[in-house]
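Spelled out, the chains give:
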Amino acid sequence: MNKLTIHDLELRGKRVFIRVDFNVPLKDGVVTDDTRIRETLDTLHLAIKKGGRLILASHLGRPKGGPDSKFSLFPVAKKLEALIGKPVRFASDCVGPIPESKSKTLGDGEILLLENVRFHPEEEKNDEAFSKQLASLSDGLFICDAFGSAHRAHASVVGITRFVKAAAAGLLMEKELTYLGKALTNPTRPFVAILGGAKVSDKIEVVENLMKIADATLVGGGMAYTFFKAQGLPIGKSLVEDDKLDLARKLLADAEQNNRKLLLPVDHIIAPEFKATAPATTVEISATPADQMGLDIGPQTTGAFAAEISRAKTIVWNGPMGVFEMPAFANGTLEIARAVAAATSAGATSIVGGGDSVAAIHLSGVAGRISHISTGGGASLEFLAGAKLPGVEALTDKPAENVASVGGRVKRRRVIAGNWKMFKTQTETQVFFSAFSLLVEGIQQCDIVIAPPFTAIHSAVEAARGSQIAIAAQDVFWEKEGAFTGEISPQMLVEAGCRYVIIGHSERRQFFGETDETVAKKTKTALAAGLTPIVCVGEMLHHREAGTTEQVCRTQFLDGPGSLTPSEFSRILIAYEPVWAIGTGKTATPEIAAEVHQLIRKCAAEKFTAAHASALRILYGGSVKPDNIQGLMAQEEIDGALVGGASLEAKSFATIVRDCAGR
């Protein structure tokens, strides 16, 4: 994605206008489903961590002509306050003197939620004056995290971007565009599209577009009966769109002519009427009685669809296979959900969108095994249909120097990270920072990161507050919460004040069974929480002596960071750690280190693009000391260092930092 994201913005001390999607269901003034609020928490946490002053805006429902208390966002402010764990101020309007005065009193990390933007008709008209009023509440910074509204050219989504200095995507928006974009432009094959729901007319462009891209398109639900009637098959009293029969014939002919696999049900569950208590039977499509209607796909179809899904490496699913709200007609949809989850567990990337499909995923208990559950609704459909979304197009393009051309090279910012391993108590941490902070004060030419043991993270965060020093964790688990004794989630690390996390360190691999697979899982969840992963790769002594360094590092790269999406990959750092040079007294020469860094960059170019490879920051992590840092940093391929023992003493670590910064 060549648009700015929240990662590209400097937010400290600045009012930032964040368009969120808090269009949640309310009953008696209480939020009954907080999913959409939870989905944007990662963006809000990151904006808070970056020191922004958050002004949030959303629509809720379809109020007509002006304010309506039943569509007020005030209950949402209370729910957000409970979820985010800090006060949320509320403005009784979204423009005018009230929000203006409240926005100016915000401190760093504080939150103001504006009243429903649709209380003003100018919102949906994308009115220029109204857009300008919204923008005036910020200090020229806008973040859009409302993918579900990105297909609407409204003032708080599109118009506002004309009156700010920078308009960027939030983490949820970026995640949506990354998953959906890769499925459309560069899917790992085989690519299977699953489409269902009531009507063909709801998904005409989606069917047409995905049929050109997918290796197989599976069609179920009510929309299938228009295809059956177009083929002259009996459909009884089943739902059909007679005005779309010619379109169905055209789609069938296109599939045959272009040798595209379009699979329709071969059997279905039928009943005499649309009722949960109606007697259900299973028949082949060709044997549908005139007085019956199809309400679910049958077992033969379920098996055939599941078999096709099991071979997939990319899956997009939108729309149920039947009337799954009624238990008697839910099995087909739920079995497809389980098949998608099983394929995901086997290595496929799965994307599920549309309210009914998402509901089925949750009902079947497999939501945690789906790669990405889209919040987009109509926006997802338009994106899958190949349409450009106004809310995305309006975001600011990244500067040309950050989107390197093939074969080009961007200037990479250096990083020095200290890994304390299992050293230093809280008191020792405080003593270290009291000396180190003074020794590196004013250094802005490189990033400085310190990874204390978990028990000292709080002390380190407090000691580093207000400085240029960032705090990292030494490990993380890949689940948000659960019965995982001793493990720490990415969200917990963010809450503790961490900005980075080390993943796949050689000692974690050697002593605790870390694998390339767990490295990939941890990296993905860390990124989703807003952390910057430092992902480690490196060979052991017997690998180097056997001449298999390239093979080992390539495998670790491809199965670990190489399994990320391009957008995810652009947000990580890699540390090359020759295990044979850690704690052994042996040190890789700068030339040896640079050679492996070059190999890693080559792998990145092959897996992603030359631009990704050029922008990737790779640290060296093999016994870095004050007496070898200058030689290492003289190598163009080395962008910094992951420092072990030498980071434990303030003076020696400061020397390394200053040499890296050229001071």
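A brief look at the structure comes next. (Residues numbered from 1 in each chain as written. Predicted model: local features only at pLDDT ≥ 70, side-chain atom pairs only at ≥ 80, totals over all residues. Heavy atoms only, no water.)

1. Let's talk about the pattern of salt bridges
Now for step 1: Evaluation of the coordinates by the stated rule reveals 35 salt bridges.
Now for step 2: Among the salt bridges present, the one from Arg-19 reaches Glu-123, with a minimum N-O distance of 3.9 Å. Taken as a pair, Arg-19 in strand S1 (residues 15-19) and Glu-123 in the loop between strand S6 (111-114) and helix H5 (128-135) lie far apart in primary sequence, 104 residues in all. The same class applies to Arg-19 as to Glu-123, namely buried.
Now for step 3: In this structure, Glu-514 engages Lys-522 in a salt bridge whose closest nitrogen and oxygen atoms are separated by 3.0 Å.
Now for step 4: Residue class for Lys-522 comes out buried when judged on its relative accessible area of 4%.
Now for step 5: Linked by salt bridges that have partners in common, Arg-412, Arg-601, Glu-637 and Asp-639 make up one network. (Salt bridge = Lys/Arg side-chain N within 4 Å of Asp/Glu carboxyl O. Helix = DSSP H or I, 4+ residues; strand = E, 2+ residues; numbered from the N terminus. Buried < 20%, exposed > 50% of the residue type's maximum accessible area, 1.4 Å probe, protein only.)

2. Some words on the sheet that holds strand S10 (residues 216-219)
Now for step 1: An order of S11-S10-S9-S15-S16-S17 is seen for the 6 strands of this open sheet, with the pairing classed as parallel. Two strands in the sheet have a free side with no partner beyond their single neighbour: strand S11 (261-263) and strand S17 (372-373).
Now for step 2: The sheet contact formed by strand S15 (residues 314-318) and strand S16 (residues 349-353) spans 5 bridges and is parallel. By the bridge assignment for S16, Ile-315 is matched with Ser-350.
Now for step 3: On top of the sheet, helix H11 (residues 331-345) reaches strand S9 (191-195), S15 and S16; it is set at about 155° to S15, its chief contact. (Pairing = 2+ DSSP bridges. Contact = heavy atoms within 4.5 Å. Axes fitted to C-alpha atoms, helices over the stretch in contact; angles between N-to-C directions.)

3. Some words on the pairing of S6
Now for step 1: Residues of S6 alternate between two faces, with Ile-111 and Leu-113 on one and Leu-112 and Leu-114 on the opposite face, all of them buried.
Now for step 2: Direction of pairing for strand S4 (residues 53-57) relative to S6: parallel, over a ladder of 3 bridges. Counterpart to Leu-56 in the pairing with S6 is Leu-113.

4. Details of the packing of aromatic side chains
The geometry of an aromatic ring pair comes down to the distance between the two centres and the angle between the two planes.
Now for step 1: Inspection of every chain in the model, using the stated rule, returns 14 aromatic pairs.
Now for step 2: Its guanidinium or amino end placed over the ring of Trp-420, Lys-424 lies 5.4 Å from that ring's centre, counting from NZ or CZ. (Phe/Tyr/Trp six-rings, centres within 6.5 Å; stacked < 30°, edge-to-face > 60°. Lys NZ or Arg CZ within 6 Å of the ring centre and 35° of its normal.)

5. Comments concerning helix H26 (residues 650-661)
Now for step 1: For H26, with 12 residues, the first-to-last C-alpha span of 16 Å sits near the 16 Å given by 1.5 Å per residue.
Now for step 2: Among the residues of H26, the N-terminal cap falls to Glu-649, whose side-chain oxygen and the backbone nitrogen of Lys-651 are separated by 3.1 Å.
Now for step 3: A positive phi of about 75° marks Gly-662, the residue just after H26. (Expected span 1.5 Å × (residues − 1). Polar contact = N/O pair within 3.5 Å; in protein donor to acceptor, adjacent residues only side chain to side chain.)

6. Details of the sheet that holds S1
The strands making up a sheet associate through hydrogen bonds between their backbones, and the pairing can be parallel or antiparallel.
Now for step 1: On the basis of which strands lie adjacent, the open sheet formed by 6 strands has the order S5-S6-S4-S1-S7-S8 and parallel pairing. What marks the edges here is a single partner per strand, and that holds for strand S5 (88-91) and strand S8 (166-169). Strand-to-strand twist across the sheet, computed as the mean angle between neighbouring axes with direction ignored, equals 25°.

7. Quick notes on the side chain of Ser-647
Now for step 1: Relative to the elements of secondary structure, Ser-647 occurs in the loop between strand S25 (640-643) and H26.
Now for step 2: Overall, the relative accessible area of 0% leaves Ser-647 in the buried class.
Now for step 3: In this structure the side chain of Ser-647 is engaged in a polar contact, spanning 2.7 Å, whose partner is the backbone oxygen of Gly-644.
Now for step 4: Contact partners of Ser-647, with chain neighbours within four places excluded, come to Gly-418, Asn-419, Trp-420, Phe-432 and Phe-653.

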